[in-house]
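Structural features, examined
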Amino acid sequence: MKPIISDPNLVAYCGLYCGACRAYLRGRCPGCHENSRASWCKVRACCVENSFATCADCRQFADPRECGKFNNWVARLFALVFRSDRAACIRQVRQLGLQSHADDMAAHKRQTLRR
């Protein structure tokens, strides 16, 4: 299994940290930015289309939960099951920057901020 390292390229478009994800660490997923098979993800498609590193770069919505692509029923189900707060991740990226978000997530060995 790969070690958890800080890498801003491993911050997913939605703010999750792929660098601490079990699938990524076990080599079963290339991470959000490299996963061309994730064409189903509306957040990924929007960020690629707009050349955003993450949703934190989008200024259309002050709160990412206002965006229908970010806050859909699949995302809400995922958040409930995994007690994940992707919006908090996006707020942290906006506040600290991409590198510091990656540093924090890697230091705490977490894929997401908890609700």
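Everything in this summary refers to the structure shown in the same document. Throughout, residues of each chain are indexed from 1 in the direction in which the sequence is written. Side-chain atom pairs in this predicted model are given and counted only at pLDDT of 80 or more, local residue features only at pLDDT of at least 70, and totals for whole chains, interfaces and linings cover all residues. The basis for the side-chain values is all heavy atoms of the structure; hydrogens and waters are excluded.

**Quick notes on the packing of aromatic side chains**
Given two aromatic rings, one states the distance between the centres and the angle between the planes to describe the pair. The line we're drawing: Think of it this way: a Phe, Tyr or Trp ring, Trp meaning its six-membered ring, pairs with another when their centres are within 6.5 Å, and the plane angle makes it stacked under 30 degrees, edge-to-face over 60, tilted otherwise. Whether a charge sits over a ring depends on NZ of Lys or CZ of Arg being within 6 Å of the ring centre and within 35 degrees of the ring normal.
Here the structure, examined in full by the defined rule, presents 1 aromatic pair. Positioned above the aromatic ring of tyrosine 24, the side-chain terminus of lysine 2 is 4.0 Å from the ring centre. Lying across the ring of phenylalanine 70, arginine 86 places its NZ or CZ 4.1 Å from the centre.

**Quick word on the pattern of salt bridges**
The criterion, for reference: Salt bridges are counted wherever a side-chain nitrogen of Lys or Arg sits within 4 Å of a carboxyl oxygen of Asp or Glu.
Within the structure shown, the criterion is met by 3 salt bridges. Arginine 65 is the partner of aspartate 63 in a salt bridge, and the nearest nitrogen-oxygen pair spans 2.8 Å.

**Here we look at the packing of helix H4 (residues 86-96) against helix H5 (residues 98-107)**
Under the convention used in this document: Note on geometry: axes are lines fitted to C-alpha atoms, helical ones only across the stretch in contact, with angles between N-to-C directions running from 0 to 180 degrees. In this description a helix means any DSSP run of H or I spanning at least four residues, a strand means any run of E spanning at least two, and both kinds are numbered starting from the N terminus. Convention used here: angles under 35 degrees read as roughly parallel, angles over 145 as roughly antiparallel, angles from 65 to 115 as roughly perpendicular, and any remaining angle as oblique. Rotating anticlockwise by less than a right angle from the far helix to the near helix defines a left-handed crossing, while the corresponding clockwise rotation defines a right-handed one. Any two residues having at least one pair of non-hydrogen atoms within 4.5 Å are treated as being in contact. Lys, Arg, Asp and Glu make up the charged group, whereas Ala, Val, Leu, Ile, Met, Phe, Trp, Tyr, Cys and Pro make up the nonpolar group; the residues left over, Gly among them, are polar.
Contact geometry for H4 and H5: axes closest at 7 Å, N-to-C directions at 125°. What the angle tells us is that H4 and H5 run oblique. As H4 packs across H5, the resulting crossing turns out to be right-handed. Between H4, through Cys89, Gln92, Val93 and Leu96, and H5, the contact on the second element is made entirely by Leu98, Ser100, His101, Asp104 and Met105. Across the contact of H4 with H5, the residue classes break down as 5 nonpolar, 3 polar and 1 charged.

**Description of H5**
Let me state the cut-off plainly: Exposure categories follow from relative accessible area, calculated using a 1.4 Å probe and restricted to protein chains: below 20% of the type maximum is buried, above 50% is exposed, and the middle band is partly exposed.
Residues His101, Ala102, Asp104, Met105 and Ala106 constitute the buried set of H5. Structurally, H5 contributes buried residues whose contacts are with H4. Lysine 109 sits one or two residues past H5 and shows a positive phi near 55°.

**Topic: the layout of surface pockets**
The line we're drawing: Using a 1 Å grid laid over the protein atoms alone, points where a 1.4 Å probe fits but cannot get out form a cavity; open sets with protein on both sides within 12 Å along at least 5 of 7 lines form a pocket; any residue with an atom within 4 Å of a point counts as lining. Grid points are joined across faces, edges and corners, and a volume is the space filled by probe spheres set on the points.
In this structure, the largest pocket spans a volume of roughly 1,100 Å³. For the lining of the largest pocket, the elements supplying multiple residues, two or more each, are helix H1 (22-25), helix H2 (42-49) and helix H3 (73-82). Among the elements that line the lining of the largest pocket, the one with the most residues is H3, at 5 residues. Approximately 210 Å³ is the volume attributed to the second largest pocket. Forming the boundary of the second largest pocket are 14 residues, of which Cys46, Phe52, Cys58, Phe61 and Cys67 lie nearest the centre. It is H2 that provides the largest number of residues to the lining of the second largest pocket, a total of 3 residues. Considered class by class, the residues forming the lining of the second largest pocket number 10 nonpolar, 2 polar and 2 charged.

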